Structures are given as C-alpha cells and as structure tokens.
Amino acid sequence: MKVLPIIFFTLLLVAGFGVSISYSEAYLSGNFGAVAVNKTTVQFGSLSGDASFKAGSVFTGAFGSDVDFHNSGRVELEFAQRFSEIDEVAPAKFDVTALSVMFNAYHDYKTNYAISPFVGLGLGIAELEAEVNYLGAVGKADDLVFAYQVMVGVGYEVFDNLFLDAQYRFFGTGRPDFQGVKADYRTNNFLAGIRYRF
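Treat the numbers as computed from the prediction; the structure is a model and nothing was measured. (Residues numbered from 1 in each chain as written. Predicted model: local features only at pLDDT ≥ 70, side-chain atom pairs only at ≥ 80, totals over all residues. Heavy atoms only, no water.)

## A short note on the environment of Q43
Relative to the helices and strands, Q43 is located in strand β2 (residues 40-44). When its relative accessible area of 33% is taken as the criterion, Q43 is described as partly exposed. C-alpha of Q43 to C-alpha of D177: the two residues are 134 residues apart in sequence and 9.5 Å apart in space. (Helix = DSSP H or I, 4+ residues; strand = E, 2+ residues; numbered from the N terminus. Buried < 20%, exposed > 50% of the residue type's maximum accessible area, 1.4 Å probe, protein only.)

## Overview of the pairing of strand β1 (residues 26-37)
Where β1 and strand β4 (residues 56-67) come together, 10 bridges link them in antiparallel fashion. Residue pairing for β4: G33 is matched across the bridge by V58. In terms of strand pairing, β1 meets strand β12 (residues 186-197) through 11 bridges, oriented antiparallel. Residue pairing for β12: V35 is matched across the bridge by N189. (Pairing = 2+ DSSP bridges.)

## Section: the side chain of T97
Residue position: T97 is located in strand β6 (residues 92-108). In this structure T97 touches Q81, R82, F83, E127, L128 and E129, once residues within four positions along its chain are discounted. (Contact = heavy atoms within 4.5 Å.)

## Things to note about the nonpolar core
Judged by nonpolar contacts, the single largest core of 16 residues is most densely connected at F53, L128, A147, F171, F178 and Y185. When contributions to this core are tallied by element, the ones reaching two or more residues are β6, β7 (115-134) and β8 (137-159). Contacts of F53, omitting those with residues within four sequence positions, involve V37, N38, T40, S84, E85, I86, D87 and V96. (Core = buried A, V, L, I, M, F, W, Y, C linked by side-chain atoms within 4.5 Å.)

## Notes on a nonpolar patch on the surface
Taken together, the side chains of I115, V154, Y156, V158, F159, L164 and I194 define a hydrophobic patch exposed on the protein surface, amounting to about 600 Å² of accessible area. Here the nonpolar patch gets four residues from one element, more than from any other, and that element is β8. Here V158 lies in strand β8. (Patch = residues over 30% accessible without salt bridge, like charges linked within 9 Å, V, L, I, M, F, W, Y side chains within 5 Å. Areas by Shrake-Rupley, 256 points an atom, 1.4 Å probe, with all protein chains shown as cover. Salt bridge = Lys/Arg side-chain N within 4 Å of Asp/Glu carboxyl O.)

Shown next, in the form of structure tokens:
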C-alpha cells in the first residue's frame, strides 16, 4: 500500500483545513451504506473484457466545520473505505478495495423545518487495491489515483447539535493501473449517517 503519499496529502489538507475551523462550530460525522460499482471494461495489453460487480459496502468518517458562506456552508476532511467484489468468474475471485482521503465542501439549504437538503463536491486521492484468488493462490496490486465525488442529500435536525443524514454520492477516480491491468472505477453510493456538532 502507498501509505506515505496518503499521509502527506492528508497533512496538506489538514494544514489548509485549520483555517476554516476557526470560523465556526466543528462537527464529526459518520456514514454507512451500499456501493454499486459501474460495469467497466478491463484491459490487459491487447486483451479486454467487461466486468460487473456485486453490491458492496462503504464507510465514511469526517471532521468538519461550518463556514461563513451565506450562513449555510461547511467543509470537511473525510476518510472512506469501499469494498466490492466482481461477479465470480470460476475458478477465480476478484475483490476491489478503495481507501480515500477527500476534502469536501457542502451547501446546506436552510428551511423553516427540521429538514435541510444539501449538495456537495469533494476532491482528493484514493488507493485502489485489487485482489485475485485463483484456486487458493492470492495476488494483490494497487494504485494511487485522483478521486472526486458529488453529493446530494438531506439532513434532519434531531437536536440543536445532532443531525441524521441520508444521501447519494457519485464517486469516481482516475483510471488505476494494476500492474498492467487497467479498468475504470466509478460508483454509486447510498448512505445514511449521523453528524454531531460541538
């Protein structure tokens, strides 16, 4: 795994992120849900073939802050993990794991009710790891790539400092190269979670 580039990128984000924290109230959030990887074409040299995925899982955790953008903006630093399995091709089994560090910005649409819709955009990096199990023999390959996401959802204010969120995300990356094997990674994510402001 390419741990050092991820740590370095995280430190850069934290250095810039500290500026916004001083503006207003900070928060912690966590989300869990399902991820559906779009069908993709896998290329290896002159050979290619289509691959589809089973529904997988996604976990996210973030530290963020409200910012003074028409009293409805917020930014956050997010860590996420996605796990998906390619539909089995006997006798081989393929898994793909994505670890990402993202800087997200949101706009919340305030209403006169406890429900607030929101939209967001995120940029960052992701490490994609592919693992193949062929008759008990396991091989792994990974690549570090640019990542992006678009979010749309709704937050429900349970208390003054506690929100329940439901959202959809489109998450994609640059094309990873797994030691000569190339494939696009684009996903649809359906998440539910909590956001605690302190």
